[in-house]
Amino acid sequence: MLRLNRSLIADKNPASHVSESFRSLRTYIRQLGLLGEGGKVLLFTSAEGGEGKTTVLANLAVSFVQDGKKVAVVDCNLRHPGLHTIFEVEGSQGLAAYLGGQEDAKDIAVFGNLANLAVIPAGIAAVSPPDLLGSDKMPQLLEELKGSFDLILLDTPPAVEYSDARVLAPLTDGVIIVARYGKSKREALRKLKSLMEQTGSRILGIAMNQTD
Ligand SMILES: Nc1ncnc2c1ncn2[C@@H]1O[C@H](COP(=O)(O)OP(=O)(O)O)[C@@H](O)[C@H]1O
Ligand SMILES: [Mg+2]
């Protein structure tokens, strides 16, 4: 993945080299044979913060939308949310309000600047995030989204320090690890990989971000 000048380059500059690298990631995911027959849920995680999960997820979402897919992005990073900023959405109480029982599923998705792209922002968690994310309401939401979208992308907190991504991983069709070239430590990545393997989920690959 090349270096980005603006966070949502796939939308603003589809002809750039960076957009091309998101198209490559899109092709890779398509070639895994995952897509089709109902929506598929992919989880993005990393060993530590700031490695580019939110950026890679958002750009990949745009790239799939440009390819004619219906995509929902769900900000399951209740600790340090980012999707509401990158897609400039407001007016939803978010995932936390749905999981906490204050909002219905149909009221938390916001359509951003692209048709066929729904954004569910994180909202504000009143109880501990792993407890919220572990509620039965989470698989119910994913089932509902699978009926309307081809692809559902989950953003999550770093998975070595926090259990949030590990709670969610078994609900997904696959996990993509985002690592930052020159920053992510081999030891932390190894730990992350073994933690995710323990969840029984399928690790689809590592997206290497900012290779310059
Ligand atoms: N490929 C990239 N090129 C340039 N800046 C990037 C790239 N990936 C991430 N960033 C920037 O690095 C910071 C951390 O990225 P972010 O996606 O928020 O990481 P995470 O969600 O894993 O914490 C953000 O300011 C983001 O804009
Ligand atoms: Mg993030």
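Residues numbered from 1 in each chain as written. Chains lettered and ligands numbered in written order. Predicted model: local features only at pLDDT ≥ 70, side-chain atom pairs only at ≥ 80, totals over all residues. Heavy atoms only, no water.

Peer 1: Explain the overall build of the chain to me, please; I cannot follow it from the model alone.
Peer 2: Assigned secondary structure in the chain consists of nine helices and seven strands. The C-alpha radius of gyration of the chain comes to 16 Å, within 12% of the 17 Å expected for a compact globule of 212 residues. Structurally, the chain occupies a C-alpha span of about 45 × 40 × 30 Å along its principal axes. Within the chain, buried positions represent 51% of all 212 residues. Taking the intrachain contacts of the chain between residues at least 6 apart in sequence as the baseline, contacts between residues at least 24 apart amount to 78%. With an accessible surface of roughly 9600 Å², the chain has 47% of that area assigned to carbon and sulfur atoms. The positive charge centre, built from 23 side chains, and the negative charge centre, built from 24, are 7 Å apart in the chain. (Helix = DSSP H or I, 4+ residues; strand = E, 2+ residues; numbered from the N terminus. Rg over C-alpha atoms; globule rule 2.2 N^0.38 Å. Buried < 20%, exposed > 50% of the residue type's maximum accessible area, 1.4 Å probe, protein only. Contact = heavy atoms within 4.5 Å. Areas by Shrake-Rupley, 256 points an atom, 1.4 Å probe, with all protein chains shown as cover. Lys, Arg positive; Asp, Glu negative; His and termini not counted. Charge placed at Lys NZ, Arg CZ, Asp CG, Glu CD.)

Peer 1: What am I meant to see in the sheet that holds strand β3 (residues 110-111) here?
Peer 2: Strands belonging to one sheet form pairs held by backbone hydrogen bonds; the direction of such a pair is parallel or antiparallel. Spatial ordering of the open sheet is given by β3-β4-β2-β5-β1-β6-β7, a layout of seven strands whose pairing is mixed. Only two strands of the sheet have a single partner each, and these edge strands are β3 and β7 (203-209). For strand β1 (residues 40-45) and strand β5 (residues 151-155), the ladder comprises five bridges, and the chain directions are parallel. Residue pairing across strands places Leu43 opposite Leu154, the latter belonging to β5. Helix α3 (residues 53-66) rests against β1, β2 (71-75), β4 (117-120), β5, β6 (174-180) and β7 of the sheet, and its axis sits at about 170° to β5. (Pairing = 2+ DSSP bridges. Axes fitted to C-alpha atoms, helices over the stretch in contact; angles between N-to-C directions.)

Peer 1: Explain the side chain of Lys53 to me, please; I cannot follow it from the model alone.
Peer 2: Among the structural elements, Lys53 can be located in helix α3. Buried Lys53, no salt bridge; nearest opposite-charge side chain is Asp155, N-O distance 5.6 Å. Here Ser46 takes part through its side chain, which lies 2.8 Å from a polar atom of the side chain of Lys53. Among all residues touching Lys53, those that are not within four sequence positions of it are Phe44, Thr45, Ser46, Glu48, Asp155, Thr156, Pro157, Pro158 and Val178. (Salt bridge = Lys/Arg side-chain N within 4 Å of Asp/Glu carboxyl O. Polar contact = N/O pair within 3.5 Å; in protein donor to acceptor, adjacent residues only side chain to side chain.)

Peer 1: Just to check I follow, could you spell out α3 for this structure?
Peer 2: Because an α-helix completes one turn every 3.6 residues, residues spaced three or four positions apart along the sequence face the same direction. With 14 residues, α3 ought to run about 20 Å at 1.5 Å a step, and its terminal C-alpha atoms sit 20 Å apart, in line with that. α3 sits mainly inside the fold: 12 of its 14 residues count as buried. Those residues of α3 not exposed but buried are Lys53, Thr54, Val56, Leu57, Ala58, Asn59, Leu60, Ala61, Val62, Ser63, Phe64 and Val65. Looking one or two places after α3, you find Gly68, whose phi comes out positive at around 90°. (Expected span 1.5 Å × (residues − 1).)

Peer 1: Where do I start with unusual backbone geometry in this structure?
Peer 2: Apart from glycine, the bulk of residues carry a negative phi angle, and the bulk of peptide bonds sit in the trans form. Even without being a glycine, Glu88 presents a positive backbone phi close to 55°. Within the secondary structure, Glu88 is located in the loop between α4 (83-86) and α5 (94-99). Accessibility expressed as a relative area gives 69% for Glu88, which makes it exposed. The backbone phi angle of Asn116 is positive, close to 75°, even though this residue is not glycine. Tracing the sequence through the fold places Asn116 in the loop between β3 and β4.

Peer 1: Could you clarify how one ought to interpret the nonpolar core in this entry?
Peer 2: Soluble globular proteins tend to bury their nonpolar side chains together. Grouped together as the largest cluster of nonpolar side chains are 36 residues, with contacts concentrated most on Leu95, Met138, Leu141, Leu145 and Ile152. Ala10, Leu25, Phe44 and Val178 belong to the second largest nonpolar core, which has 34 residues in total. (Core = buried A, V, L, I, M, F, W, Y, C linked by side-chain atoms within 4.5 Å.)

Peer 1: Mind showing me how you'd approach helix α2 (residues 17-31) here?
Peer 2: Relative to the 21 Å expected for 15 residues at 1.5 Å per residue, α2 spans 21 Å between its end C-alpha atoms, a close match to the ideal helical length. Those residues of α2 lying buried are Val18, Ser19, Ser21, Phe22, Leu25, Arg26 and Ile29. The arc that holds the buried residues of α2, viewed along the axis, is 160°, so those residues lie on one side. Residues of α2 that are exposed and point over 90 degrees away from its buried face: His17 and Gln31. (Arc of directions from axis to C-beta.)

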